[in-house]
Amino acid sequence: MGRRLAKLALTATLAFGLFKAVDAAAPAPRMTPIFNTATDTDPKTQPPREYRLDNLPAPDAAQKNLWRVRIGAWEMAGGGHHTFLEFSPVCAPDTACRDRNDVYQIHGIAMDETRQAYAQLDFMKLDSYTRYESGDYVLKALGVNQDYNRHFFRQQPDAYVDVFYGSKEDVLKLYLAGMKIVDGVNKTNDHYLLFEHNSNSVQHTLLEGLGLSMPPLYVDHKMTALGGRIWCPGIGLSLLPDGWNRERVLQDGGYNNMSADDLEKAARKLSGPERMFATFKPQPSTPKTPPVHGPAA
């Protein structure tokens, strides 16, 4: 096992280092920058870069009910990125709506099925490698009614890309359809794989299932597509089941004819990590060791 763990650690280190070197010397991908007016150049404190797909028209600032779907990412594991999907109002700057209770996010999560807890992905700890190697980690997904980056991960995203603009009703319907995909990912309980079947695969699946485009800023780990992008290993893998139909999901759920208030109630009802934890497979019970009695008096 020691040799396999060493190989995994070496592969990760070399891959992350190679990507960062290539990325630093490459031009940025073609997208339309938005809200990028900050003068702070410190990567620890500067706001995330924000873009929209080139084929999206500029949002109308006068439209008060304008919402969006955007994909964001923050760096983890020394170079790779964790991506997430956010469904929220359009706000400029982003801090104007950070504390509202109308931000929804979907994340892919590495979970420890053996311990029924979040997986440990601290690569400075040996347990991260031994638990991964033992197959303890499974891929889960969850939808939350909050900015999970700041409330749980405590991470500042590197960049966001807007992939859809619409009314509150339009965007919440996409979130509710996305939660059906979340349920499918959680029911499979498949193993989490660091470079393939991971949190980024969940985002690819969501974008595909919701009929949205993958921005050029986020790419898989193929060496032919590195220039100027954010490296998201696993984002090239789709987990979408055969026969998926977004419109049928919305119709069957009764969402198509709901008001914004009713859609919001439905979205909040489906949000929260409790639904994800409830999908763990039951663990085999460990037989109790009979008590050891001392010699009779």
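The rules behind the values
Residues numbered from 1 in each chain as written. Predicted model: local features only at pLDDT ≥ 70, side-chain atom pairs only at ≥ 80, totals over all residues. Heavy atoms only, no water. Helix = DSSP H or I, 4+ residues; strand = E, 2+ residues; numbered from the N terminus. Buried < 20%, exposed > 50% of the residue type's maximum accessible area, 1.4 Å probe, protein only. Contact = heavy atoms within 4.5 Å. Pairing = 2+ DSSP bridges. Salt bridge = Lys/Arg side-chain N within 4 Å of Asp/Glu carboxyl O. 1 Å grid on protein atoms, 1.4 Å probe; cavity = no way out; pocket = protein on both sides within 12 Å on 5 of 7 lines; lining within 4 Å. Points joined across faces, edges and corners; volume = space filled by probe spheres on them. Nonpolar A, V, L, I, M, F, W, Y, C, P; charged D, E, K, R; others polar. Arc of directions from axis to C-beta. Core = buried A, V, L, I, M, F, W, Y, C linked by side-chain atoms within 4.5 Å.

(A) Layout of the environment of Leu-56. When you line up the elements, Leu-56 lands in the loop between β2 (49-52) and β3 (66-76). In the structure, Leu-56 is positioned 24 residues away from Thr-32 in sequence and 9.0 Å away in space, judged by C-alpha atoms.

(B) Structural context of the side chain of Asn-189. For Asn-189, the position within the fold is in the loop between α4 (168-188) and α5 (199-209). Of the residues examined, Asn-189 reaches a relative accessible area of 6% and is grouped as buried. Those residues in contact with Asn-189 that sit more than four places away from it in its chain are Glu-113, Val-138, Lys-140, Thr-279, Phe-280 and Lys-281.

(C) Highlighting the pairing of strand β5 (residues 104-112). Most of β5 sits inside the fold, with nine of its nine residues counted as buried. Burial along β5 is two-sided: Tyr-104, Ile-106, Gly-108, Ala-110 and Asp-112 facing one way and Gln-105, His-107, Ile-109 and Met-111 facing the other are all buried. Looking at chain direction, strand β4 (residues 80-89) and β5 are connected through four bridges and run antiparallel. Paired with Leu-85 across the strands is Ile-106, a residue of β5.

(D) Structural context of the pattern of salt bridges. In total, this model carries eleven salt bridges according to the counting rule given. For the salt bridge of Arg-246 with Glu-247, the shortest nitrogen-to-oxygen distance reads 3.3 Å. Given the relative accessible area of 26%, Arg-246 is considered partly exposed. Assessed through its relative accessible area of 42%, Glu-247 is described here as partly exposed.

(E) Inspection of the layout of surface pockets at higher detail. Quantified by volume, the second largest pocket comes out at close to 460 Å³. Considering the residues around the second largest pocket, the lining is formed by 23 residues, among which Trp-74, Met-76, Ala-110, Leu-121 and Phe-153 are closest to the centre. Among the elements of the structure, β3, β4, β5, α3 (148-153) and α5 are those that each provide at least two residues to the lining of the second largest pocket. Counted by class, the lining of the second largest pocket contains 15 nonpolar, seven polar and one charged residues.

(F) Layout of unusual backbone geometry. One non-glycine residue, Gln-116, adopts positive backbone phi at about 55 degrees. Residue position: Gln-116 is located in the loop between β5 and β6 (117-118). The backbone phi angle of Asn-189 is positive, close to 55 degrees, even though this residue is not glycine.

(G) Broad picture of the pairing of β2. When strand β1 (residues 32-33) meets β2, the two strands line up antiparallel, connected through two bridges. Within β2, the residue paired with Thr-32 across the bridge is Arg-52. Sheet topology note: the β2/strand β8 (residues 159-167) ladder contains four bridges and is parallel. Counterpart to Arg-49 in the pairing with β8 is Ala-159.

(H) Representation of helix α7 (residues 260-270). Turning to α7, its buried residues are Ala-260, Leu-263, Glu-264, Ala-266, Ala-267 and Leu-270. Along α7, the residues classed as buried sweep out an arc of 165 degrees about the axis, all on the same side. Counted as exposed and oriented over 90 degrees from the buried face of α7: Asp-261, Lys-265 and Lys-269. Gly-272 occupies a position one or two residues after α7 and carries a positive phi of about 120 degrees.

(I) A look at the nonpolar core. Among the nonpolar cores identified, the biggest contains 55 residues, and Val-69, Ile-71, Leu-85, Phe-87, Val-161, Leu-217 and Tyr-218 are the most heavily contacted of them. Dropping the residues within four chain positions of it, Val-69 is found in contact with Leu-85, Glu-86, Phe-87, Val-161, Asp-162, Val-163, Phe-164, Val-171, Leu-174 and Leu-212. Within the second largest apolar cluster, eight residues are counted, among which are Ile-109, Met-111, Val-144 and Phe-280.

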